[in-house]
Amino acid sequence: MMTVDFRSDTVTKPTPGMLEAMWSAKVGDDVFGEDESINELEAKAAAMFGMEAGIFCPSGTMTNQIAIKCFTQPLDELIADQTAHVYRYEGGGIAFNSAVSARLLNGERGILTAEMIEPEINAENIHYPHTSLVVLENTVNKGGGKCYSLEQIAPIAQLCKARGLKLHLDGARIFNALAHTGDNAVDYGQHFDGISVCLSKGLGAPVGSVLLGNKATIKYARRLRKVFGGGMRQAGFLAAAATYALDHHVERLKIDHKHAQILADELAQCAWVTSVMPTETNIVLFDTEGPADVVVAKLLEKGIKAGYTDTKRIRLVTHLDIHPEQIEYAVSVFKSL
Ligand SMILES: *Cc1c(COP(=O)(O)O)cnc(C)c1O
């Protein structure tokens, strides 16, 4: 029986070419700034997004949490969508690491607008937490991989500049967003103070995220990374995999999107599926008649691994270890259920 793992785009294994790149990585002690492969990755990622500097971290959670700490003071408040990863899936780190509160908004599938944000910025008043940061997520994980375009981001960036707020992007799947919108990565730099880019999701590297920002931000981020326990030594083996992914796995994201679209279209035809969220990138969210955990168990019997996010909602994520014949097989199973 074929197995197909749709649980997440984090389940990918390094490709032969990536392993090759890892073997030949030049490494050194990165806490001393001496790992050539890490320095190369940080510079490359920063240049791609039009930012001054970057820092390689063990996870996207760490890059987001460091960014929040960089851009706030204790007792401040940040603004984010209520589905935001920084709030829902980072273990309460906003409160613990930064002593900051979160003002959560009801975006459209996680997408915020300047009009939604503006009235939520607190006036200067000792009763109110000081609003200092807005966090956007692109693509929106819980919004089924929905994308912001740069056109939607620009007015938010403008508002933040006018009101003295920092703007951070949780870009765990930013390359998926760019593949969908056709926007240029380099144009992102002018809008954001911080950008987290995940290398171990759709890009297929085994470990790591980078945080991008200006030189002063990244200098402070280096201090924070050490404090958070994320100062790594000869981690250039991992950085080499990430650089390989930036060179070879960005273009192919369109394939994952095509696969997700096929799954979404076929699921929409199935009687046991009540609704499918419109799919833009590599995430398919759909609702079922019966309890999601029962359906997920039935799929597993046929070798298909899926996740569920709600009592009736199932999530499928496509990635570079999902091939056309696996999509075909999955479709045949969906039809037979
Ligand atoms: C996966 C993810 C992260 C970071 O996750 P790590 O597992 O810590 O690397 C951050 N934001 C979003 C939206 C994600 O999907």
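It should be emphasised that the depicted structure is a prediction, and the values quoted were computed from it without experimental measurement.

1. Let's talk about the pairing of strand β10 (residues 283–288)
Residues in a regular strand project their side chains so that they alternate between the two faces of the sheet. The buried fraction of β10 amounts to 6 of the 6 residues, a majority that puts the element mostly inside the structure. Neither face of β10 is open: one carries Ile283, Leu285 and Asp287, the other Val284, Phe286 and Thr288, and all of them are buried. Strand direction decides the pairing type here: strand β9 (residues 273–276) and β10, joined by 3 bridges, are antiparallel. Directly across from Val273, in β10, lies its bridge partner Thr288. The turn linking β9 back onto β10 is made up of 6 residues. Bridging between β10 and strand β13 (residues 313–317) involves 5 bridges; their strand directions are antiparallel. Within the sheet, the bridge partner assigned to Ile283 lies in β13 and is Val317.

2. Remarks on the packing of aromatic side chains
This structure, assessed with the given rule, holds 4 aromatic pairs. When the ring of Trp272 is compared with that of Phe286, the centres are 6.0 Å apart and the planes differ by 75 degrees; the resulting orientation is edge-to-face. One end of the pair, Trp272, is in the loop between α11 (253–268) and β9; the other, Phe286, is in strand β10, with 14 residues separating them in the sequence. The residues Trp272 and Phe286 share a single accessibility class, namely buried.

3. Here we look at the domain arrangement of the protein
Accessible area lost upon the coming together of the parts serves often as the stated size of an interface. Segmenting the protein into domains produces domain 1 (16–248) and domain 2 (252–336). Tallying the contact residues gives 18 residues for domain 1 and 14 residues for domain 2. Carbon and sulfur atoms supply 52% of the area that domain 1 and domain 2 bury against each other, a total of about 1400 Å² over both sides. When the buried surface of domain 1 facing domain 2 is broken down by residue, Arg109, Gly144 and Asn176 rank first, second and third, together holding 31% of it. Among the ionic pairs, Lys146 bridges to Glu280, the shortest N-O distance being 2.9 Å.

4. Here we look at the pattern of salt bridges
Using the criterion set out here, one finds 13 salt bridges in the structure. Residues Arg103 and Glu77 are paired through a salt bridge, measuring 3.0 Å at the closest nitrogen-oxygen approach. Taken together, the residues Arg103 in strand β4 (residues 101–105) and Glu77 in strand β3 (residues 76–81) connect sequence positions 26 residues apart. For Asp256, the salt bridge goes to Arg252, with nearest N and O atoms at 2.6 Å.

Rules used throughout
Residues numbered from 1 in each chain as written. Predicted model: local features only at pLDDT ≥ 70, side-chain atom pairs only at ≥ 80, totals over all residues. Heavy atoms only, no water. Buried < 20%, exposed > 50% of the residue type's maximum accessible area, 1.4 Å probe, protein only. Helix = DSSP H or I, 4+ residues; strand = E, 2+ residues; numbered from the N terminus. Pairing = 2+ DSSP bridges. Phe/Tyr/Trp six-rings, centres within 6.5 Å; stacked < 30°, edge-to-face > 60°. Domains from an automatic or database assignment. Contact = heavy atoms within 4.5 Å. Buried area = accessible area lost by both parts, 1.4 Å probe. Salt bridge = Lys/Arg side-chain N within 4 Å of Asp/Glu carboxyl O.

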